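One letter stands for each residue in the lines below.
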Amino acid sequence: MKLTLQAKSSSEGSYPVEFSDESGALRVFCHCQAGSLQQMCRHKLGLLKGDYKMLLNPAEQSLLEQLLASKAYAALKPKLDSYEAALAFNDREIARLKAKEKALKSDFAYELTFGRSSS
C-alpha cells in the first residue's frame, strides 16, 4: 500500500505525508521542513495517532482508517506507544528539574539578599 494524505500546517497550508508498507515496514515521509530532514514532525505523529483533525481534506479520513488498519501499522503501534511514553517521562523529568532549578535560584537569591540560606 502506498498513499499520500494532506496534513494541515500551522500556517493554514498543508504538507503531503506519504505512507508506504511495500518493504513490510511502515515508512512515513512528510514534506514539511522537519520531515524533509527525517525528523519527527507533528504531521507524521498526528496522523499515526489517528488524529483526523490533522487532515486537510476530511474526505481522506477513510484512507487514514485504511492505514491504521494495516498490518504494518499494527507492527508499528507498540513502538509508537513506547515513543510517546518515553516522551511523557522526559516531560515529567524536565518539569521536575525546572522546579529544582527554580528552588536553587530562589535559595541563592535569598542568601544574596539576607546573607544566609533560607533552608
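This text goes with the structure placed above it.
These notes cover the structure that comes with them. As the structure is a computational prediction, the values presented were derived from the model and not from experiment.

**Examining the overall build of the protein chain**
Working step 1: When helices and strands are counted, the protein chain shows 4 helices and 3 strands.
Working step 2: Along the protein chain, helices and strands appear, N-terminal first, in the series β-β-β-α-α-α-α.
Working step 3: Taken over the C-alpha trace, the protein chain has a radius of gyration of 21 Å; the compact-globule value for 119 residues is 14 Å, which it surpasses by more than 25%.
Working step 4: Summarising its shape, the C-alpha atoms of the protein chain cover approximately 70 × 30 × 25 Å along the three principal directions.
Working step 5: For the protein chain, buried positions account for 24% of its 119 residues.
Working step 6: Sequence-distant contacts, at least 24 apart, represent 39% of the contacts inside the protein chain between residues at least 6 apart.
Working step 7: Considering the protein chain, the positive charge centre built from 17 side chains and the negative charge centre built from 14 side chains are found 4 Å apart.

**Digging into the nonpolar core**
In a soluble, globular protein the nonpolar side chains are often hidden away together inside.
Working step 1: Within the largest apolar cluster, 19 residues are counted, with the highest numbers of intra-cluster contacts made by Leu5, Phe19, Leu26 and Leu47.
Working step 2: Taken together, the elements giving at least two residues each to this core come down to β1 (2–8), β2 (14–20), α2 (42–48), α3 (61–68) and α4 (71–114).
Working step 3: For Phe19, the residues in contact, after removing those within four places along its chain, are Met1, Lys2, Leu3, Leu5, Leu26, Arg27, Val28, Leu47, Leu48 and Leu67.

**Quick look at the layout of surface pockets**
Working step 1: Computed from the structure, the largest pocket encloses a volume of approximately 190 Å³.
Working step 2: Along its surface, the largest pocket is lined by Leu26, Arg27, Val28, Met40, Lys44, Leu48, Leu76, Lys79, Leu80 and Tyr83.
Working step 3: For the lining of the largest pocket, the secondary-structure elements that each account for two or more residues are β3 (27–30), α2 and α4.
Working step 4: Among the elements that line the lining of the largest pocket, the one with the most residues is α4, at 4 residues.
Working step 5: The residue makeup of the lining of the largest pocket, split by class, is 7 nonpolar, no polar and 3 charged.

**Considering the pattern of salt bridges**
Working step 1: Applying the stated rule across the entire model yields 4 salt bridges.
Working step 2: A salt bridge links Glu84 to Lys49, with the shortest nitrogen-to-oxygen separation between them at 3.0 Å. With Glu84 in helix α4 and Lys49 in the loop between α2 and α3, this residue pair connects regions lying 35 residues apart in the sequence.
Working step 3: A relative accessible area of 27% places Glu84 in the partly exposed class.
Working step 4: Given the relative accessible area of 48%, Lys49 is considered partly exposed.
Working step 5: Its salt-bridge partner being Lys105, residue Glu101 comes within 3.6 Å of it at the nearest N-O pair. Placement of both Glu101 and Lys105 in helix α4 is noted, with a separation of 4 residues, approximately one turn of the helix.
Working step 6: Taking the relative accessible area as the measure of exposure, Glu101 reaches 41% and is therefore partly exposed.
Working step 7: Classification of Lys105 as exposed rests on a relative accessible area of 55%.

Rules used throughout
Residues numbered from 1 in each chain as written. Predicted model: local features only at pLDDT ≥ 70, side-chain atom pairs only at ≥ 80, totals over all residues. Heavy atoms only, no water. Helix = DSSP H or I, 4+ residues; strand = E, 2+ residues; numbered from the N terminus. Rg over C-alpha atoms; globule rule 2.2 N^0.38 Å. Buried < 20%, exposed > 50% of the residue type's maximum accessible area, 1.4 Å probe, protein only. Contact = heavy atoms within 4.5 Å. Lys, Arg positive; Asp, Glu negative; His and termini not counted. Charge placed at Lys NZ, Arg CZ, Asp CG, Glu CD. Core = buried A, V, L, I, M, F, W, Y, C linked by side-chain atoms within 4.5 Å. 1 Å grid on protein atoms, 1.4 Å probe; cavity = no way out; pocket = protein on both sides within 12 Å on 5 of 7 lines; lining within 4 Å. Points joined across faces, edges and corners; volume = space filled by probe spheres on them. Nonpolar A, V, L, I, M, F, W, Y, C, P; charged D, E, K, R; others polar. Salt bridge = Lys/Arg side-chain N within 4 Å of Asp/Glu carboxyl O.

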